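Single-letter residue listing:
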Amino acid sequence: MPADDHPVTRAAALQRLAQFVPLAGSRYATGRNADHGPGHHNAVSRLSAAIARRTLSETEVLAPVLAAHGAEANSFVSEVFWRSYFKGWLEARPGVWQAWLGALDRIDARLAHDDALAARHLAAIRGETGIDCFDHWMHELAETGYLHNWARMQVASIWVFTLGLPWELGARHFLAHLIDRDAASNTLSWRWVAGLHTRGKAYLADPGRIARMTGGRFSPAGLATHARIPDGADHPPAQPPRAVTAPMRDAPALLWITRDDCSLETETMLHDLPWRAVAVIDDAADSPGARADRIACDDALARAAAHWGLAHFRVNGPAGLAALATELGVQQVVTARVPVGPGLDTLVAVRGALRREGIALAEHLRAWDRAAWPHATRGFFALREQIPMLLDAAGLKDLT
Ligand SMILES: Cc1cc2nc3c(=O)[nH]c(=O)nc-3n(C[C@H](O)[C@H](O)[C@H](O)COP(=O)(O)OP(=O)(O)OC[C@H]3O[C@@H](n4cnc5c(N)ncnc54)[C@H](O)[C@@H]3O)c2cc1C
């Protein structure tokens with residue numbers, strides 16, 4: 001995969017954004033669902049790897065798009081809000097993430113003795129099912145770390161309804177291979193396709209539509225004609241998002257950068273805190289997403305250090321971060337609010353290590369999330385109605 005195909009450094013992401021802006025209006029609206037194959041995904045932005053890590057914020061992405069196209073950018077604006085919607089929805093129901101992890105344990109135990117299930121699963125992840133489009137997309141995912149949104153929907157649908165595989169395994173496979181892996185967008189999109197997000201409303205892949213939307217490249221046979229929605233518990237009721245401790249304005253601070261927010265130097269609220277240094281925790285994991293996390297975090301570390309004129313550090317685990325904070329004599333470690341997903345486990349470990357040293361852990365919640373999340377507790381359309389208000393709150397209304 002060319003290094004700049006799914007940019008994660010800020011310079012490369014800004015460059016991609018500038019190239020994409022002219023295409024983000026009516027051309028995006030009409031062309032965004034066609035999948036032209038690897039190397040030809042030019043009708044979409046391919047900014048997801050940067051947006052998932054907030055190398056670019058939603059405001060930064062939408063400002064030039066709205067300035068160029070105004071209301072003609074509605075379709076693109078709406079897609080960016082789908083991300084905010086899924087983020088907010090999972091914050092309101094963190095138990096859905098925990099339930100997915102628990103289900104994986106049970107399904108792994110089943111895979112160990114159910115040979116037929118294990119064989120179907122292996123054929124699916126190897127792209128050896130005999131379903132032409134599905135096999136192609138599984139290879140594309142493995143080779144490039146990316147799939148077009150429409151292809152993701154077909155893959156998930158065929159996985160669940162034609163191959164009869166648990167959606168939980170598909171979601172895990174995507175997270176392990178996607179360069180833009182995101183706990184909320186991935187888990188909830190799989191549930192949406194399977195008919196578990198909007199109860200009873202599933203997405204059924206259709207062979208004729210697949211042939212049309214891929215320019216006749218595929219003609220899949222044997223696809224399910226009926227969506228048998230998997231069993232699953234009802235959604236837990238929405239709860240207020242996890243409360244966080246805000247940064248103290250006057251207490252010496254160590255800035256901790258995570259993969260969930262790689263442009264904290266752009267947040268004016270954080271500009272005049274008494275910073276002492278900036279750090280990231282090393283992560284040795286090896287997957288396309290983990291490698292992209294490292295590149296994005298290194299880039300963010302260098303930018304933050306240059307912006308505030310700080311020393312920067314790579315530390316080993318939560319204990320390494322706590323040791324650095326102690327050595328620097330800071331009273332608080334400040335990070336971006338960590339969303340539901342794998343980062344929360346690290347956060348809990350960091351908080352424990354800091355508490356033992358008498359150092360506070362503070363999380364900065366972006367104004368974008370604070371404004372959007374309260375409207376993300378039901379269906380997407382409830383949030384969509386609020387988009388004009390949310391753009392206004394972000395200072396983007398004049399551009400619409
Ligand atoms: C089964 C499945 C799994 C998915 N897993 C992920 C994931 O792990 N990480 C991820 O970022 N997206 C995920 N998506 C959403 C979507 O497929 C990608 O965001 C999109 O394809 C990224 O390409 P792009 O940047 O060119 O998108 P564009 O069409 O250019 O959209 C611009 C931005 O809007 C957001 N966006 C667009 N479509 C969606 C959507 N349907 N849901 C949420 N946000 C959206 C993304 O931030 C994207 O970068 C998933 C979708 C499905 C159906």
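Quantities reported herein were computed from a predicted structural model and do not represent experimental measurements. For every chain, the first residue of the written sequence is number 1, and numbering continues from 1 onward in sequence order. The predicted nature of this model means local features are confined to residues of pLDDT at least 70 and side-chain atom pairs, given and counted, to a pLDDT of 80 or more, with totals for whole chains, interfaces and linings taken over all residues. Derived side-chain values reflect all non-hydrogen atoms in the structure, with water molecules and hydrogen atoms excluded from consideration.

Looking at the overall build of the chain
For clarity, the threshold we go by: Numbering of helices and strands runs from the N terminus; a helix is a DSSP stretch of H or I covering at least four residues, while a strand is a stretch of E covering at least two. Whether a residue is buried, partly exposed or exposed follows from its accessible area with a 1.4 Å probe, protein chains only, as a fraction of its type maximum: under 20%, in between, or over 50%, in that order. Residue contacts are defined here by distance: any two heavy atoms, one from each residue, within 4.5 Å place the two residues in contact. Using a 1.4 Å probe, the Shrake-Rupley method yields the accessible areas, and only the shown protein chains count as cover for residues. His is not counted here, nor are the chain ends, while Lys and Arg score as positive and Asp and Glu score as negative. By convention, the charge on Lys lies at NZ, on Arg at CZ, on Asp at CG and on Glu at CD.
In terms of helices and strands, the chain carries 18 helices and five strands. If you line up the chain on its principal axes, its C-alpha atoms span 65 × 55 × 40 Å. Looking at the chain as a whole, 53% of its 400 residues qualify as buried. The contacts of the chain with a sequence gap of at least 6 include a subset with a gap of at least 24, amounting to 76%. Surface summary for the chain: the accessible area is close to 17200 Å², and the carbon and sulfur share equals 54%. In the chain, 41 positive and 43 negative side-chain charges are present, and the distance between their average locations comes to 3 Å.

Here's the deal with the site of the ligand
So the rule is basically this: Whether a residue is near a molecule or strand is decided by its heavy atoms; if any one of them lies within 4 Å of it, the residue is near. Pairs of N or O atoms are called polar contacts if they sit within 3.5 Å, as long as, within protein, a hydrogen donor faces a hydrogen acceptor (for residues adjacent in sequence, only side-chain-to-side-chain pairs). All residues other than Ala, Val, Leu, Ile, Met, Phe, Trp, Tyr, Cys, Pro, Asp, Glu, Lys and Arg, Gly among them, are scored as polar; the first ten of these are nonpolar and the last four charged. What marks off one domain from the next here is an automatic or database domain assignment.
Within the structure, the ligand sits among 27 residues, and Tyr28, Ser45, Arg46, Asn149 and Asp180 are positioned closest to it. At a separation of 3.1 Å, an oxygen atom of the ligand approaches a polar backbone atom of Leu47. Between Glu79 and the ligand, the recorded distance is 3.1 Å, taken from a side-chain N or O atom to a nitrogen atom. For the ligand, whose unbound accessible area comes to 820 Å², protein coverage reaches 97%. Of all elements in the fold, only α3 (48-52), α5 (74-92), α9 (149-162) and α11 (183-194) reach the threshold of two or more residues within the shell around the ligand. Looking at the shell around the ligand residue by residue, the class counts come to 14 nonpolar, six polar and seven charged. Viewed by domain, the shell around the ligand spans two of them, domain 1 (10-91 + 372-399) and domain 2 (94-213), each represented by three or more residues.

Observations regarding unusual backbone geometry
Note: most peptide bonds trans; most residues except glycine with negative phi. One non-glycine residue with positive phi stands out, namely Arg46, at about 55°. When you line up the elements, Arg46 lands in the loop between α2 (26-31) and α3. Assessed through its relative accessible area of 12%, Arg46 is described here as buried. Of note, Arg54 is a non-glycine position whose phi angle comes to about 50°, a positive value. Following the sequence through the fold, Arg54 ends up in the loop between α3 and α4 (58-69). We classify Arg54 as buried; its relative accessible area is 6%.

A look at the side chain of Asn186
Inspection of the secondary structure assignment puts Asn186 in helix α11. In this structure Asn186 comes out as buried when scored by relative accessible area, which is 7%. A polar side-chain atom of Asn186 sits 2.9 Å from the main-chain carbonyl oxygen of Ala171. Contacts of Asn186, omitting those with residues within four sequence positions, involve Ala171, Phe174, Leu175 and Leu178.

Observations concerning the nonpolar core
The cut-off we apply is this: Only buried residues count toward a nonpolar core, which is a set of Ala, Val, Leu, Ile, Met, Phe, Trp, Tyr and Cys residues joined through side-chain atoms within 4.5 Å.
Ranked by internal contacts, the top residues of the largest apolar core, which has 80 residues, are Leu62, Phe81, Phe134, Trp137, Ile158, Trp159 and Ile210. Counting residues per element, this core draws most heavily on α9, at nine residues.

So, the packing of helix α8 (residues 132-144) against helix α10 (residues 167-177)
Here is the rule we go by: In this analysis an axis means a line fitted to C-alpha atoms, helices contributing only their contacting stretch, and an angle means the value between N-to-C directions, from 0 to 180 degrees.
Running from amino to carboxyl end, α8 crosses α10 at an angle of 35°, the nearest separation of the two axes being 9 Å. Contacts between α8 and α10 involve Met138, Leu141 and Ala142 on the former and, on the latter, His173, Phe174 and His177. Residue composition of the contact of α8 with α10, grouped by class: four nonpolar, two polar and no charged.

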